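# What the coordinates show
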Amino acid sequence: MTEVEQFLSNIDKETRKSDAHNLLTILEEVSGYKPYLTGSIIGFGQYHYRYESGREGDSPVIGFSPRKQNLVVYIMPGFNEFESLLKNLGKYKLGKSCLYINKLSDLNLDVFKDIARLSVQYMQQKYQC
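Numbering of residues begins from 1 in every chain and follows the order in which that chain's sequence is written. Note on the predicted model: pLDDT of at least 70 is required for a residue's local features to be given, and 80 or more for side-chain atom pairs to be given and counted; whole-chain, interface and lining totals, by contrast, use all residues. Note that the side-chain values use all heavy atoms of the structure and ignore hydrogens as well as water.

### Remarks on the environment of S9
To keep it simple, the criterion reads: Where helices and strands are cited, they refer to DSSP runs of H or I of at least four residues and of E of at least two residues respectively, numbered from the N terminus. Any residue under 20% of the maximum accessible area for its type is buried, any over 50% is exposed, and the rest in between are partly exposed; the area is computed with a 1.4 Å probe on protein chains only. Should any heavy atoms of two residues lie within 4.5 Å, those residues are considered in contact.
Considering the arrangement of structural elements, one finds S9 in helix α1 (residues 3-9). Residue classification places S9 among the partly exposed residues on the basis of a relative accessible area of 31%. Residues S9 and N22 lie 13 residues apart in sequence; the distance between their C-alpha atoms is 13 Å. Leaving out residues up to four positions away in the same chain, S9 has contacts with M1 and K17.

Laid out in structure tokens, this is it:
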């Protein structure tokens, strides 16, 4: 059992566990990257960032975390580029780079895949991933 599979097996709620497995499959397919665990986030791909302040580090190109309250998908470029798609996405909440989902059945998965795919492409064009 991989580290990611072990992490997902510890999810208590069956719906959340099932959604997390489905999200794992979707994001692996859409991103083309293998999943890995970084803290409580399942990441796909990696890029190096450097801020003007001098702070730098590495982060997943896209990722998600199956939290108790909701699923959180990390769309690294944020959502300004995807406003037209968000209108048809379904039920969700947004943070700066976070898409908060109660359950996958709340979303139009075709639109979600488009957003995820475009996010990965944006990151690949901006950074060496």
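### Observations concerning helix α4 (residues 109-126)
Rules: What a helix is expected to span follows from its residue count: subtract one and scale by 1.5 Å. Think of a polar contact as two N or O atoms within 3.5 Å of one another; within protein, one of them needs to be a possible hydrogen donor and the other a possible acceptor, and neighboring residues in sequence only count if both atoms come from side chains.
Relative to the 26 Å expected for 18 residues at 1.5 Å per residue, α4 spans 26 Å between its end C-alpha atoms, a close match to the ideal helical length. Within α4, the full set of buried residues consists of V111, F112, I115, A116, S119, V120 and M123. With a side-chain oxygen lying 3.0 Å from the backbone nitrogen of D110, the N-terminal cap of α4 falls on N108.

### Here's the deal with the side chain of D106
With respect to the helices, strands and loops of the structure, D106 is situated in the loop between β8 (98-101) and α4. Apart from the residues lying within four places of it in its own chain, the contact partners of D106 are L89, G90 and K91.

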